[in-house]
Structure formats: C-alpha cells, structure tokens
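Geometric and topological summary
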Amino acid sequence: ACDASVYFAVGSRIAVQVGMGDAEWIITAGGSVGALAVDAAGTNLYWTEPGNGAVRSVTVGAWTTVSDVVTGLDTPTGLAVDSVAAKLFVSLPTAGSIVEYNLDGTSPVTVVTGQTGIGGIAARSVMSSTTNGGTVTTPAGVVAVTAKGQPGSGEPNCDTMMLNLPDCGGCQVTVYVPSPSSLR
C-alpha cells in the first residue's frame, strides 16, 4: 500500500494526494505555481510563483497560513530544499542564476551564475574530500541543474563545477549542467 503524499499544482491551485485516495485542493496561490518542494520532515511546503516573483510556504496541515519566503525575484522557476543544510535554492532563468537562502528566505547567496535558461533544480548536501588535486564526491548527493540551451550557440552545454558553500560544515555541491541534446 502507498501512503506517500504527492503535491501538485494546476495553474494557481495546489493539491495533495495521499496514497491512492482522491486529491484534495489545499491552496489557491496568488498566481500560477511554477515549482513545488517539501522539506525532508514533510512539515513545510514551498512553491514559486514566477509571475509574482515570489517563493511562498505553508506548514503542512495549516493550509490557510501562507508565508512569503522571498519576494521581488525575477521569474523564479526551479526550487529545491536541502533540509540537512537548512537551505532553499531558487533558480532564476532570466538572470541565469541559482540563489541559496536560509529556509526563512534570509541570507541570499548566489551559488550559480552565467547559466541563462536554468530550469529545474534539486539539492542535497554532499560531503567531499580532495585527493591528488581531484575531488572525490561521496554518494551523499548532488545538485542537478537542467539548462535550456542549444549546442554551439554559446549557451550552456555539458559542464560540471564544484561549489564551496559557506556555513555547511565543509560540504561541497556538485552542479551538473547537461547538454540540451542529451535531454531529448
């Protein structure tokens, strides 16, 4: 039997479906919803509203109390929660960047730049060590970035970079920008 909760959005409405039951519409957002993410504990639901330039959240079960996490953004689309590091990552495709925030929307740090068209993202802490000039990444996780670009156009092709994140206990994040042709 499946008892997982699945959240999804249609336009400006967000629903939850628990197990094989019927979906329940839980929130009408202030605008069209772009991306959804839930923290590891399953206690907070986050979403982007690209047209309103906002990231919002709600405590699971307290559906009527919506909080503004970050506002004034330029079309936020992708969203990821790293519950281990207590960070929220937001992709801004027009700016070509990913910005890291504390879960309450404070302390923004741009962790990826120059990737116009950045789309969906996922985040998880990665513990790494450097040996003989190379980096060894443990199976703890990666950040994956999808990019919309055309081969030969100067837009993102296939690239890998390591980012040292402040205040995360020496962890690193690996960012993969796949070639658009590999996504077909």
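Higher on the page you've got the structure.
Residues numbered from 1 in each chain as written. Predicted model: local features only at pLDDT ≥ 70, side-chain atom pairs only at ≥ 80, totals over all residues. Heavy atoms only, no water.

1. Re the packing of aromatic side chains
One pass over the structure, following the stated rule, counts two aromatic pairs. Residues F8 and W25 carry aromatic rings whose centres are separated by 5.8 Å and whose planes lie at 70° to one another, so their mutual orientation is edge-to-face. With F8 in strand β1 (residues 5-10) and W25 in strand β3 (residues 24-28), this residue pair connects regions lying 17 residues apart in the sequence. Among the residues examined, W25 registers a relative accessible area of 39% and is labelled partly exposed. When the ring centre of W25 is taken as origin, the NZ or CZ atom of R13, which lies over that ring, is 3.9 Å away. (Phe/Tyr/Trp six-rings, centres within 6.5 Å; stacked < 30°, edge-to-face > 60°. Helix = DSSP H or I, 4+ residues; strand = E, 2+ residues; numbered from the N terminus. Buried < 20%, exposed > 50% of the residue type's maximum accessible area, 1.4 Å probe, protein only. Lys NZ or Arg CZ within 6 Å of the ring centre and 35° of its normal.)

2. So, the environment of N52
Locating N52 in the fold gives a position in the loop between β5 (44-49) and β6 (54-59). Each C-alpha atom, one on N52 and one on G30, is 7.7 Å from the other, the two residues being 22 residues apart in sequence. Look past the residues within four positions of N52 in its chain and what remains in contact with it is G30 and G31. (Contact = heavy atoms within 4.5 Å.)

3. Points about the sheet that holds β1
For sheets, the rule is that strands pair by backbone hydrogen bonds, running either parallel or antiparallel. Here three strands make up an open sheet; going across it, the order is β1-β2-β3 and the pairing antiparallel. The open sheet has two edge strands, β1 and β3, and neither has a second partner. Neighbour-to-neighbour, the strand axes of the sheet open up by a mean angle of 25°, direction not taken into account. Note that β1 and strand β2 (residues 13-18) share six bridges and pair antiparallel. By the bridge assignment for β2, F8 is matched with A15. (Pairing = 2+ DSSP bridges. Axes fitted to C-alpha atoms, helices over the stretch in contact; angles between N-to-C directions.)

4. Some details on the side chain of E49
Relative to the assigned elements, E49 resides in strand β5. A residue is classified by how much of its surface remains accessible, and E49, at 0% relative accessible area, is buried. Of the polar contacts made by the side chain of E49, one reaches the backbone nitrogen of G31; its length is 3.4 Å. (Polar contact = N/O pair within 3.5 Å; in protein donor to acceptor, adjacent residues only side chain to side chain.)

5. Focus on the pairing of strand β9 (residues 87-92)
With six of six residues buried, β9 is to be regarded as a mostly interior element. Covered by surrounding structure in β9 are K87, F89 and S91 together with L88, V90 and L92, the residues of both alternating faces. Direction of pairing for strand β8 (residues 79-82) relative to β9: antiparallel, over a ladder of four bridges. In the sheet register, D82 faces β9, and the bridge partner there is K87.

6. Description of the sheet that holds strand β10 (residues 97-102)
The four strands are arranged β8-β9-β10-β11 in an open sheet whose pairing can be described as antiparallel. Strands with a single pairing partner mark the edges of an open sheet, and in this sheet they are β8 and β11 (109-112). On average, adjacent strands in this sheet sit at an angle of 30° to one another, irrespective of strand direction.

7. Section: the nonpolar core
By size, the foremost hydrophobic cluster in this structure holds 14 residues, and its most contacted members are V55, L73, L79, L88, V90 and Y101. Elements represented by at least two residues in this core include exactly β7 (66-70), β8, β9 and β10. With three residues, β9 is the single largest residue contributor to this core. Excluding its chain neighbours within four sequence positions, the residues that come into contact with Y101 are V70, L73, A86, K87, L88, V90, T106, S107 and P108. Membership of the second largest hydrophobic core comes to 11 residues, among which are I14, I26, I27 and L45. (Core = buried A, V, L, I, M, F, W, Y, C linked by side-chain atoms within 4.5 Å.)

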